[in-house]
Amino acid sequence: MNTFISGASGYLGQRLAMRLAENGEKVHALIRNPIAAKILDHPNIKIFYGDILDIESIRKAMKGCEVVFHVAALARVWTKDPNDFYKINVEGTSNMIRVSQEMTISKFILTSSTGTIGPSLNHPNNEDTPRWSSFNNDYEISKSLAEKELLKFVAGGFPGLIVMPSRIFGPGIASPSSGINRVIVGFMNKRFAIIPKQSHPKGNYAYIDDIVTGHILAREKGEIGEKYILGGENKSIGQLFEVIKKGVNKRGLIIEIPIWPMMHFSLISQFLADRFGIEPKITPDFVKRLNQDSAFDCSKAISKLGYSITPFEQAVGSTIQFLSKSQLS
Amino acid sequence: MKHFVLITGASEGLGKSFAIESARRGMDLFLVSLPDSGLPDLCGLIKSNFDVFVDFLELDLTDDQSCMHLISLVKSKNYPISFLINNAGVGGNYRFANERFEVFNQMIQLNIKALAMITHELLGVLQNQECAFVLNVSSMAAHFEGPYKQVYGATKSFIFYFSNSLCLELKDTNVHVSVLSPGGISSNINLIRKSHHLDTFSRLTFLDPEFVAAYAIKKCLEKKMEIIPGMLTRGYFLFSKLLPRFIKEKLVKNTTTQIFNAQTVFNRKVKNGETTREKLEESRIKNVI
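Going along each chain's sequence as written, the residues are numbered from 1 onward. In the order they appear in the text, chains get letters beginning with A and ligands get numbers beginning with 1. Where totals are concerned, whole chains, interfaces and linings use all residues; where local detail is concerned, this predicted model gives features only for residues with pLDDT of at least 70, and gives and counts side-chain atom pairs only at 80 or more.

Engineer: Lay out the overall build of chain A with the relevant residues and their values.
Structural biologist: Secondary structure elements are taken from DSSP: a helix is a run of H or I of four residues or more, a strand is a run of E of two residues or more, and numbering for both begins at the N terminus. Counting secondary structure elements, chain A contains eleven helices and twelve strands. Computation of the radius of gyration draws on C-alpha atoms alone. For the globule rule, the value is 2.2 Å times the number of residues to the power 0.38. Expected size for 329 residues packed as a compact globule is a radius of gyration near 20 Å; at 19 Å, chain A falls within 12% of this value. Counting only C-alpha atoms, chain A reaches 55 × 45 × 40 Å along its principal axes. Out of the 329 residues belonging to chain A, those deemed buried represent 48%. We call two residues in contact if the C-beta atoms placed from their backbones are at most 7 Å apart. Considering only residue pairs separated by 6 or more positions, chain A has 77% of its internal contacts joining residues 24 or more positions apart. Exposed residues have 12 or fewer other C-beta atoms within 10 Å of their own C-beta, buried residues have 20 or more, and partly exposed residues fall in between, where C-beta atoms are placed from the backbone.

Put into structure tokens, the structure is as follows:
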């Protein structure tokens, strides 16, 4: 069975492609940048150069495949032109679906994000929680439009389903989409971190290898038209840093500051970004999210797919090990 | 005291945020919104997350009979409404001559008539409570007369005058009336996307509905009369009072025209198929600016 992966040179896509290849499966990887080919160096991975915005290139790469993992997305909080989010995440998805339909693919797995469900209230969100909060950023909007697009095709008989990773971390290539990894590296190098005071809001932190397994499980057992949250444990930022500090096993300083100076700093960063195109270190919507609960409940994936969660401390431990090794090399 | 709040237009944007914020504060809720706008789901979410009573009614407040139906239902159920949030409203920027009158008629019906009627008929219920509040949603547009907002701005001016006048009238009673004048609110997908076409200042004054709702409820319960959320907007508002009329006019004209153009650019994009797939969203567009 041949499997197609878009975004195979990305943080999650690369890990998924390598796992499948190591399991002895043939993988068709669609990538844009020839430099990225070396991270997909495996006899079972066939590389195709192209772009999800170029239908012809998708067609060539998808020939002979039965299953499609559509992992490619613009996953970050800021770009110079916000329209990029819509082009890549919405039009790109639509292109992928169209070609998959032509090729009569047997299953199409869209990698979305828990960001489309948004923050939680007193209880963790699940796949059916209606969105109560306004959208934080263009990324979230574009991903939920992509979901809608897929579900529209599913209503017409297209064999698509959706997996939604939460905040992802773990071993893998350096990328803007692995924010938690950068936080860990930052703490390892600088030995200090600034976190918001009263950081009790919980986030859901998912280990990349669990998410990769979840994708493969979704291919095998996922039902058409369904959504599955692929997450991890719900932790506050304070708890997250406690575990990181313990794992790094060196002295470090965690400074707690109120949220408002962060907000002001982020507003200035945003202003500079809008005016002069300087990439912001933190954006207002990021600070806002720091202050919101976004706990998730993955019991649907656990019961329906057989998904399992690596214990948080263990997962952070392996991540730190991996990151310190790659720091040395 | 435990409040019982009635919120109109509760299924989307600012209204939804009012509902969540009220539930957070432990208030019981009666939510009103258009049919098929996801109100039952919202009520389910609130019930499962907060220990409050929730009931709802789906109807279109643009006709008098529906308003009367709402009023008699609330009365027949004996809900002890102590907080009324008149949030439902429609807006938008239009060239007066180019638009069907029906559009403006709806604005007047919903923004003025429904609001006045509901407040009038439920005032008795409010007065029967220990302490009661009315929060009416006006707009910054009421304070800055600009082009393309003729009818919308006028309806919001009505709400502003009405609220302040009623507040004074009820001064020594147990009912307090507040009026909220928000600037831009990023209450739906299209407004966020449209805001990309605005300049930095206008974009920075855009506020989240969650923030506006929390701020407005807090200030209303503190018995503030006029509520303007957002420091920048508040600053701009106060500053504009000092400006001579001709400068103010020019500034307002610039901003309003910019918003109007942003809307036109966005709509044209949709028409050209650049964002075809959002047409569905577009049909639900509600301009709150």
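Engineer: Report on the sheet that holds strand S10 (residues 227-230) of chain A, specifying residues and quantitative values.
Structural biologist: Residues and elements named next belong to chain A. In space, the seven strands of this open sheet follow the order S3-S2-S1-S4-S5-S6-S10, with parallel pairing throughout. The open sheet terminates on both sides in strands that have one partner only, identified here as strand S3 (45-49) and S10. Neighbour-to-neighbour, the strand axes of this sheet turn through a mean angle of 20°, independent of strand direction. Across four bridges, strand S6 (residues 160-165) lies against S10 in parallel orientation. Looking at S10, one finds that Val163 is bridged to Tyr228. Strand contacts of helix H6 (residues 208-221): strand S4 (67-70), strand S5 (107-111), S6 and S10, with the helix running at about 165° to S6, the strand carrying the most contacts. A pair of strands is treated as paired once DSSP finds two or more bridges between them. All axes are obtained by fitting lines to C-alpha atoms, using only the stretch in contact for helices, and the reported angles, taken between N-to-C directions, cover 0 to 180 degrees.

Engineer: Which residues make up the packing of helix H4 (residues 101-127) of chain B against helix H5 (residues 150-169) of chain B, and what values do they have?
Structural biologist: Residues and elements named next belong to chain B. Their axes nearest at 9 Å, the elements H4 and H5 cross at an angle of 10°. Between H4 and H5, the angle is such that the two are roughly parallel. On H5, the residues touching Phe104, Met107, Ile108, Asn111, Ile112, Leu115 and Ala116 of H4 are Val151, Tyr152, Thr155, Lys156, Phe158, Ile159 and Phe162. Of the residues in the contact of H4 with H5, the class split is eleven nonpolar, two polar and one charged. In these notes the angle categories are as follows: under 35 degrees is roughly parallel, over 145 is roughly antiparallel, 65 to 115 is roughly perpendicular, and the rest is oblique. Each residue gets one label: Ala, Val, Leu, Ile, Met, Phe, Trp, Tyr, Cys and Pro are nonpolar, Asp, Glu, Lys and Arg are charged, and the others, such as Gly, are polar.

Engineer: So what's going on with the confidence of the model for chain A? Which residues, and what values?
Structural biologist: Scored from 0 to 100, pLDDT records how confident the predictor is in each individual residue. Across chain A, pLDDT averages 90, with 99% of residues at or above 70. Confidence, expressed as mean pLDDT per element, reaches its minimum in chain A at helix H9 (residues 284-290) of chain A with 78 and its maximum at S10(A) with 98.

Engineer: Residues and numbers for the interface of chain B and chain A, please.
Structural biologist: Each partner contributes to the interface: chain B provides 23 residues, whereas chain A provides 20 residues. Those elements that provide at least two residues to the side of chain B that touches chain A are helix H1 (13-24), helix H2 (39-49), helix H6 (189-194), helix H7 (200-204) and helix H8 (209-221) of chain B. At five residues, the largest contribution of residues to the side of chain B that touches chain A is made by H2(B). Residue classes in the side of chain B that touches chain A are distributed as eight nonpolar, eight polar and seven charged.

Engineer: Describe the nonpolar core, and please don't skip the residues or the numbers.
Structural biologist: In terms of nonpolar packing, the biggest core is built from 81 residues, with A:Ile5, A:Ala17, A:Ala29, A:Val68 and A:Leu230 touching the most fellow members. Every residue in contact with A:Val68, bar those within four places of it in the chain, is listed here: A:Phe4, A:Met62, A:Met96, A:Ser100, A:Ile105, A:Phe108 and A:Ile109. One finds B:Phe83, B:Val125, B:Ile159 and B:Ile217 within the second-largest nonpolar core, a separate group that totals 66 residues. For this analysis, nonpolar core means a set of buried Ala, Val, Leu, Ile, Met, Phe, Trp, Tyr and Cys residues linked through C-beta atoms within 7 Å.

Engineer: Help me get a handle on the environment of A:Phe271, residues and values and all.
Structural biologist: Residues and elements named next belong to chain A. By secondary structure assignment, the location of Phe271 is in helix H8 (residues 259-276). The exposure class of Phe271 is partly exposed, given the 17 C-beta atoms found within 10 Å. Counting along the chain gives 150 residues from Phe271 to Leu121, while the straight-line C-alpha distance between them is 30 Å.

Engineer: How would you sum up the packing of helix H2 (residues 55-62) of chain A against helix H3 (residues 83-102) of chain A? Please name residues and give values.
Structural biologist: All names here are of chain A. Direction vectors running N to C along H2 and H3 enclose 45°, while the axes themselves pass 10 Å from each other. With respect to H3, the axis of H2 lies oblique. The interaxial crossing formed by H2 with H3 has right-handed handedness. Residues Ile55, Ile58, Arg59 and Met62 of H2 lie in contact with H3, whose contacting residues are Asn95, Met96, Val99 and Ser100. For the contact of H2 with H3, the per-class residue count stands at five nonpolar, two polar and one charged. The handedness criterion is simple: a crossing whose near helix is rotated anticlockwise from the far helix by less than a right angle is left-handed, and one whose near helix is rotated clockwise is right-handed.

Engineer: Which residues make up helix H9 (residues 231-242) of chain B, and what values do they have?
Structural biologist: Each residue after the first adds 1.5 Å to the expected span of a helix. The first and last C-alpha atoms of H9(B) sit 17 Å apart over twelve residues, in line with the 16 Å expected at 1.5 Å per residue. Of all twelve residues in H9(B), zero are buried; the element is thus mostly exposed.

Engineer: Describe the sheet that holds strand S1 (residues 4-8) of chain B, listing the residues and the values that go with them.
Structural biologist: All names here are of chain B. Taken in spatial order, the seven strands make up an open sheet running S3-S2-S1-S4-S5-S6-S7, and their pairing is parallel. Single-partner strands in this sheet number two, and they are strand S3 (54-58) and strand S7 (226-227). Where H2 meets the sheet, its contacts fall on strand S2 (28-33) and S3, and the angle it forms with S3 comes to roughly 175°.

Engineer: Break down the environment of A:Met188 for me, citing the residues and quoting the values.
Structural biologist: Its place among the elements puts A:Met188 in helix H5 (residues 179-190). When sequence neighbours within four positions are dropped, the list of residues in contact with A:Met188 reads A:Val248, A:Leu323, A:Ser324 and A:Gln327.

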